[in-house]
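Secondary and tertiary structure notes
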Amino acid sequence: MILPLIDTPFLEILIENPFNSRIYPEEGVVLAIVDTGYEGFLMLREDVFKVLRFDELSLEERRLLLPNGNFIVSRGTYGMVKVGDFKCEGFIEASKVDELILGIDFLSNFRITLDYCTNDWKFTNAKCSVV
Amino acid sequence: MGTLTIVLSDDVEEEVRRIVREIYGSDRGNLSKFIEDAIRNYIHSLKKGEVVYRAYKGDELVAEAKSLEELVKLLRESGVDVRGLRIIRSDLKRVARAGYRLRA
């Protein structure tokens, strides 16, 4: 579920579009970066967003504030993220990113302790449902 | 540290013990940790307020639920074509910080 804490923290996740039951990836898991600077739930690459066919739904637009003070527009809708035994729901959006990014909305479901001294981290206390 | 004596139905007790074993492990004291976490979370969720999901087809509200899973179930039961469906949640922030990984 989690990888050794060497650099940026990652989680192994599965993404589900509950409206058509599509899951990404179809086999195994995909790595998503944990970014406390991002206030959203999950940011996807546009190709992954399309594979899951989230774009078949009518999408909500919102503005995201970049660190340089500029805004970009992102589009998204609601979906599920499965991590280990837990399944959480939240706003899944797409933009020009190279990675999958989990933000604060996602993290608010968990108690995560990062211990860079021992290169270890703990992941407990989910508020979302147990699969 | 307080000590509470509580009574649970058999099915809830079995479910609680299963989850504690799977997530927290079988060490002594983990059941108490789980109960404390669960109560903290419940209190937090009460303070945070409930969210509501709404599904619109055009301007028409076709389903409303307190969770996405429940909304999907309602839509499936009513046979609504999900293509073009607009899903709204009551707490979506229209402006949010993107972090350093996004590009303009």
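Residues numbered from 1 in each chain as written. Chains lettered and ligands numbered in written order. Predicted model: local features only at pLDDT ≥ 70, side-chain atom pairs only at ≥ 80, totals over all residues.

Confidence in the prediction for chain A averages 88 pLDDT; 91% of positions are at 70 or higher. No element of chain A has a lower mean pLDDT than strand β11 (residues 129-130) of chain A, at 66, and none a higher one than strand β2 (residues 22-24) of chain A, at 96. (pLDDT = per-residue confidence, 0-100. Helix = DSSP H or I, 4+ residues; strand = E, 2+ residues; numbered from the N terminus.)

It is worth spelling out helix α1 (residues 10-24) of chain B at this point. With 15 residues, α1(B) should cover 21 Å at 1.5 Å per step; its first-to-last C-alpha distance of 20 Å lies within 8% of that length. Residue B:G25 follows α1(B) closely and has a positive phi angle near 90°. (Expected span 1.5 Å × (residues − 1).)

Attention now goes to the nonpolar core. A:L42 and A:V81 are the most contacted members of the largest nonpolar core, which totals 44 residues. Among the secondary structure elements, those contributing two or more residues to this core are β1 (10-17), β3 (30-34), β4 (42-45), β6 (71-83), β7 (86-95) and β8 (101-102) of chain A together with β1 (53-57) and α3 (68-78) of chain B. It is β7(A) that provides the largest number of residues to this core, a total of 5 residues. Among all residues touching A:L42, those that are not within four sequence positions of it are A:V81, A:G90, A:I92, A:L100, A:L102 and A:F106. (Core = buried A, V, L, I, M, F, W, Y, C linked by C-beta atoms within 7 Å. Buried ≥ 20, exposed ≤ 12 C-beta atoms within 10 Å, placed from the backbone. Contact = placed C-beta atoms within 7 Å.)

The subject of this paragraph is the interface of chain A and chain B. Where the parts come together, the accessible area they lose is often given as the size of the interface. With 36 residues of chain A at the contact, the number on the chain B side is 31 residues. Mapped onto the side of chain A that touches chain B, the elements with two or more residues apiece are β5 (60-65), β6 and β7 of chain A. With 5 residues, the single largest contributor to the side of chain A that touches chain B is β5(A). Class assignment for the residues of the side of chain A that touches chain B results in 16 nonpolar, 9 polar and 11 charged. (Nonpolar A, V, L, I, M, F, W, Y, C, P; charged D, E, K, R; others polar.)

Residues and elements named next belong to chain B. If you walk across this open sheet you meet the 3 strands as β2-β1-β3, and the pairing is antiparallel. In the strand order of this sheet, the two ends are held by β2 (60-65) and β3 (86-89), each with one partner. Taking each pair of neighbouring strands and ignoring which way they run, the sheet shows an average axis angle of 25°. As defined by bridge partners, β1 adjoins β3 across 4 bridges and the pair is classed as antiparallel. Directly across from Y56, in β3, lies its bridge partner R86. (Pairing = 2+ DSSP bridges. Axes fitted to C-alpha atoms, helices over the stretch in contact; angles between N-to-C directions.)

A separate point is the domain arrangement of chain B. Segmenting chain B into domains produces domain 1 (10-48) and domain 2 (50-104). Each of domain 1 of chain B and domain 2 of chain B has a C-alpha centre, and these two points are 29 Å apart. (Domains from an automatic or database assignment.)

Turning to unusual backbone geometry, a few remarks are in order. All names here are of chain A. Following Y24, the chain continues into P25 via a peptide bond in cis, with omega recorded as -5°. Mapped onto the elements of the fold, P25 is located in the loop between β2 and β3. Phi angles above zero are rare outside glycine, and R53 is one such case at about 60°. Relative to the helices and strands, R53 resides in the loop between α1 (46-51) and β5. By C-beta crowding, R53 is classed as partly exposed, having 14 other C-beta atoms within 10 Å.

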